[in-house]
Amino acid sequence: MSIVQCDHIYKTYHQGRIEVQALSDVSLAVDKGGFVALSGPSGSGKTTMLNIIGGLDLADSGQVVVDGNSFEQMSQSQLADMRLNKVGFVFQSYNLVPVLSAVENVEFVMLLQGVPADERRARARKILDEVGLEGKYDRRPRELSGGQQQRVAVARAIVADPAIVLADEPTANLDSKTGQGLLEMMRQMNQAKGVTFIFSTHDEMVMDFARRLVVIRDGQVVDDQIKG
Amino acid sequence: MFLSLAWRNIWRNPRRTAVILVAIVIGVWCMVFLGALMRGMMVEMVHNGIATLTGHIQIHHKGYNADPVIENSMRDPEQAFKALEKALPPGSLWTARVRVNAVANNARHNAGVTLVGIDPRTEAKVSFIGKAVSDGEYLKQGDDYGILVGHALMEKFETRLGHKLIMMSQDTGKQIASRAFRIQGVYRAEQRSTEKLYVFVTKPAAQAMLKMGSSLSEISVLLPEGASPAAVAAKLRSLLPKSFEVLTWRQLLPILNGYLEMMDSFVVIWYVVVFVAMGFGIVNTTLMAVFERIREFGLLKSLGLKPGGIIKGVMAESFFLLVIGLALGNALGLISVWALSFHGIDLSALAQGAEYFGMGRVIIPEVHLKDLVTANLVVFVLGLLVSLYPAAKAARFTPVEALGHT
């Protein structure tokens, strides 16, 4: 069963007088529990695709359905609610609120969801333990390494049990060893908890980890293979 | 956690926060201190006006205030005395006077003055003259030929204690009345103009000189603290026939009254002007703080925070800045006022100009609760309002625009 269903997506950006066709008739379906990488060179449209799936941006035409919710005709407020309850994000950089500690960063989404304080704190600590950051709950982002910061971002992305986690170049600013550790952790989350991960990447290591590889070039899907 | 987030955000750049706090503190201090100074000046002017014979309320024969001639004297003041007994609240004081325009003469000089015939005992409790005698002695009952003159008048006439002064005026028979008095005491007033204008004799002496019998020019009333002159005057009017007029100090001193009303508006305008200067700083600083964090706002929006949440967050930061600035500014203002409350500010160098406005030489700043509340409300409410602009700007970026911001 598809947890993400995108049909005939078109997206054009206007930069002054120049029009850039970011996506052109892209269709994509991702099953629940998938571990999918969208790959392609810079400017191929993979990040745009990720933004549209996550409700950060709206397609010019086409349909996007995430966990049974169609984005068509959703207001900005409804999209915000979608992101809050159904989507987790991990970005390439600047993932965390600098003035909040690790545990507070993880709690933030649950705070917006209205989860009581005690439960928030308990769940945040547990997930930080699971991503290998036990005892570092009160550290501020500047006191954590790049890899540790990304682990906090992953913890925040999955703590509220989202339908999907979207990771945009999560290993881009990490060395290979740290990046590998991060990917292994995310794969573990995917296998143990069934969390669906969709990556946007041009990192071969990420592509190797993915069980399905969708290649996007010039705004179109040119290849889509499930690895053995 | 939102308040905690806002609190931590304002200290991300301590130097910038300190700069804007200093601006708010100085602005609030200016409002409180200079507002208190203006209020102190107004209180001083009112106090001088009331103490310099006006009192809170005066009773006259109808028409006397417009034309203070001897023909407009109260011929039957007993009616007024009875009304006073019924209408005045406990703690009130009153005194009856003769007051006419006169000419003072000695061998060297003459000048137009106001001859005031007083009951020394009651007058001392109502007006300034009881405590103002600096040389010689105050009048007593039975002093038929003693006169009190102001220090400035004595200098002008080049005379001194014990010397003669001739007073001339028109009596009830429209004849020139004159009498020689001996300078029994010299008084000092807040203003030299007062010292040059008023000369005091006993009431019987004035009535005898002017052939007034028991007629009086005016009754001056001093009310206790908290009593309303307007309310008491209305009650007196209801008890007296139409041949009397009852006027409050605001009606007796219309220029002062108009000035005070103007000053009330001026205080508010002053607050707004100070705030406008401060407000630019608040907007500028908040805008800088917002633009530095556009990517962070993009992150928060991607997590599901709605624009309203971003606006609340930025407004919460402004709230903290305003509260801290107000607390410190008020403290500084109140300490300044307290420090000056002992000796006041000496305006002797500006004495002539100050006298023109009815002000004394020393101004003691005075904080009124109404002014303090107004100043704080102006800063707090307008401060939050101007913060709406940067907050709205922060909320308007889409997540993609904000995340792409460098």
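It should be emphasised that the depicted structure is a prediction, and the values quoted were computed from it without experimental measurement.

**So, the overall build of chain A**
For chain A, the helix and strand inventory stands at seven helices and ten strands. For chain A, whose C-alpha radius of gyration is 17 Å, the value lies close to the compact-globule estimate of 17 Å for 228 residues. Taken along the three principal axes of its C-alpha coordinates, chain A extends 50 × 40 × 40 Å. Here chain A holds 228 residues, and 46% of them are scored as buried.

**Notes on the pairing of strand β8 (residues 196-201) of chain A**
Residues and elements named next belong to chain A. Most of β8 sits inside the fold, with six of its six residues counted as buried. Alternating positions in β8 separate into two faces, Thr196, Ile198 and Ser200 on one and Phe197, Phe199 and Thr201 on the other, with burial throughout. Pairing geometry for strand β7 (residues 164-168) and β8, over five bridges, is parallel. Considered in β8, the bridge of Leu166 is made with Ile198. A crossover links β7 with its parallel partner β8, the connecting element being helix α6 (residues 176-193), and its sense is right-handed.

**Section: the interface of chain B and chain A**
When the parts of a complex come together, some accessible area is lost, and that lost area is often used as the size of the interface. With 16 residues of chain B at the contact, the number on the chain A side is 18 residues. Only α1 (2-10), α11 (294-303) and α15 (399-403) of chain B provide two or more residues apiece to the side of chain B that touches chain A. Looking at which element gives the most residues to the side of chain B that touches chain A, the answer is α11 of chain B, with six residues.

**A short note on the sheet that holds strand β1 (residues 2-15) of chain A**
All names here are of chain A. In space, the four strands of this open sheet follow the order β2-β1-β4-β5, with antiparallel pairing throughout. Whereas interior strands pair on both sides, the edge strands pair on one side only; in this sheet they are β2 (18-31) and β5 (69-70). Bridge count between β1 and strand β4 (residues 61-66): five bridges; the pairing is antiparallel. Bridged to Val4 within β4 is Val66. Packing of helix α1 (residues 46-53) onto the sheet brings it into contact with β1, β2 and β4, and relative to β1 it is tilted by some 120°.

Criteria and cut-off values
Residues numbered from 1 in each chain as written. Chains lettered and ligands numbered in written order. Predicted model: local features only at pLDDT ≥ 70, side-chain atom pairs only at ≥ 80, totals over all residues. Helix = DSSP H or I, 4+ residues; strand = E, 2+ residues; numbered from the N terminus. Rg over C-alpha atoms; globule rule 2.2 N^0.38 Å. Buried ≥ 20, exposed ≤ 12 C-beta atoms within 10 Å, placed from the backbone. Pairing = 2+ DSSP bridges. Right-handed = clockwise from strand over helix to strand, strands pointing away. Contact = placed C-beta atoms within 7 Å. Axes fitted to C-alpha atoms, helices over the stretch in contact; angles between N-to-C directions.

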